[in-house]
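Chain by chain, the residues:
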Amino acid sequence: MPTIAKRVVGLDIDLAKIKAAEVVRKGRNRLVTRLAMQTLPSGAIVDGKVKSSSDLIQGLEALLKAADFNTDSVVLGVRSPWVTVKTHKMPAMPKRELEKAIEYELPELVSFPIPSMRDVCYDFFVNSETEQEMEVVIVACQRKNLDPYIEVMRQVGLTLEGIDVPSFGWGDLLRDGKRRAYVEASDGQTTVQVILDGVFKVLRMVPLGMAHLREGVQEAFQCSAEQAQELCQKHNLDYLLLEGTGSKRLLRAAVQQFTGSILQTLDFVRAQERAASFPSMLDEIVLIGDFADLEGLSEMLKRELGLNVTTLREQELRLEFQIQAPGRFNCFGSALALGLRGLEM
């Protein structure tokens, strides 16, 4: 078991940025004491894998120097196509027997070969159970994809308290337990997770993120990547879709694919739950990540889905900011979730 840390940094590494949140437990309070972000060179992280350890090390060292964290304890987040997240039903059994049964069945449940149990990292939790049956959520990946991250943490002097899937902590950020879908658009991918009455239903990752939106803005406005980023920060979605003298094909396709991935995921859960509509199944959608700060996105999704759509900034969080909360902190959602999870480990 990892050691309990009263102060921990949630470390969210995407293909273009490192985002970090230092969280402190003081009695019953959970306080955010620092937030930091560092850009990574193109190609440092590809498909969630470390392709340039030196670039990642330099990025982390720059972030640590600028942020001046009060701890070297970190919880690292991984979310990538090479991480298998799967629900699996099994007969009810004691925990010791369950651990052995999952190890036995794991090769049939994951999406990659397992020559030896030494080649895989996995964990699980009981999602729901009755007297006869239990449903477990299994998370697994090949060790070779994690080892480079672990080695980088060691080289920069960080103590790795744990490795987690950030989305499993999103629900813990909010004070009440509404039926929610969470949508995070990071730089390289969109992640959709549905939790109904505290029970995990689905986690879907789509290889479409803010990078694709910026490419569309570049084409529409015939501008540089930096100018596209500035346009996304200064203007709302309708302006981006309607203005600009260049082709809007890529931009419209990115927005349509983003909306379509959410619709498909929610429709999958609706069919499983035999719900008549999205509003009868869900209370709201919460947007997390870089895309959440794009003005007009919430309104567009509300029209498309018929659901209330909010962001972390509009929610009542279980965390309090000891620092001045930035105007845009939805992009730190996964880092905050990882930090909060770290306090409970």
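As shown above, the structure is provided for reference.
Remember, predicted model here, so these are calculated numbers, not experimental data.

What counts, and at which threshold
- Numbering of residues starts from 1 in each chain and follows the order in which that chain's sequence is written.
- A pLDDT threshold of at least 70 governs which residues receive local features in this predicted model, and a stricter bar of 80 or more applies before side-chain atom pairs are shown or counted, although totals over entire chains, interfaces and linings include all residues.
- Heavy atoms throughout the structure, all of them, feed into the side-chain values; hydrogens and water do not.
- Each helix is a run of DSSP H or I of at least 4 residues and each strand a run of E of at least 2, with the numbering of both proceeding from the N terminus.
- Each residue's exposure class comes from its accessible area (1.4 Å probe, protein chains only) as a fraction of the maximum for that residue type: buried when under 20%, exposed when over 50%, partly exposed otherwise.
- Any pair of nitrogen or oxygen atoms within 3.5 Å is treated as a polar contact; in protein, a donor-acceptor pairing is required on top of that, and neighbouring residues in sequence qualify only through side-chain atoms on both sides.
- We call two residues in contact when some of their heavy atoms are within 4.5 Å.
- Strands are labelled as partners when DSSP assigns at least two bridges between them.
- Angles run from 0 to 180 degrees between N-to-C directions of axes, and those axes are lines fitted to C-alpha atoms, restricted for helices to the stretch in contact.
- Salt bridges are counted wherever a side-chain nitrogen of Lys or Arg sits within 4 Å of a carboxyl oxygen of Asp or Glu.

Engineer: Residue-level account of the side chain of R180, with values.
Structural biologist: Position of R180 relative to the elements: it lies in strand β11 (residues 180-185). Looking at R180, the relative accessible area reads 1%, which means it is buried. Here the side chain of R180 touches Q315 through a polar contact of 3.5 Å, side chain to side chain. If sequence neighbours within four positions are ignored, R180 has contacts with L174, Q193, V194, I195, L282, E284, V286 and Q315.

Engineer: Which residues make up the sheet that holds strand β16 (residues 320-321), and what values do they have?
Structural biologist: Spatially, the 6 strands line up as an open sheet ordered β10-β6-β1-β2-β3-β16, and their pairing is mixed. In the strand order of this sheet, the two ends are held by β10 (159-164) and β16, each with one partner. Bridge count between strand β2 (residues 17-26) and strand β3 (residues 29-39): 10 bridges; the pairing is antiparallel. For I18, the partnering residue across the bridge sits in β3 and is Q38. Those strands touched by helix α1 (residues 53-67) are β1 (7-13), β2 and β3, and its axis lies near 130 degrees from that of β3.

Engineer: An account of the pattern of salt bridges is needed here, citing residue identities and associated values.
Structural biologist: A full pass over the atoms with the stated rule returns 19 salt bridges. With a shortest N-O distance of 3.0 Å, K201 and E273 are connected by a salt bridge. Of the two residues, K201 is situated in strand β13 (residues 199-206) and E273 in helix α7 (residues 249-273); the sequence distance between them amounts to 72 residues. Each of R7, E22 and R34 takes part in one network of salt bridges that share partners.

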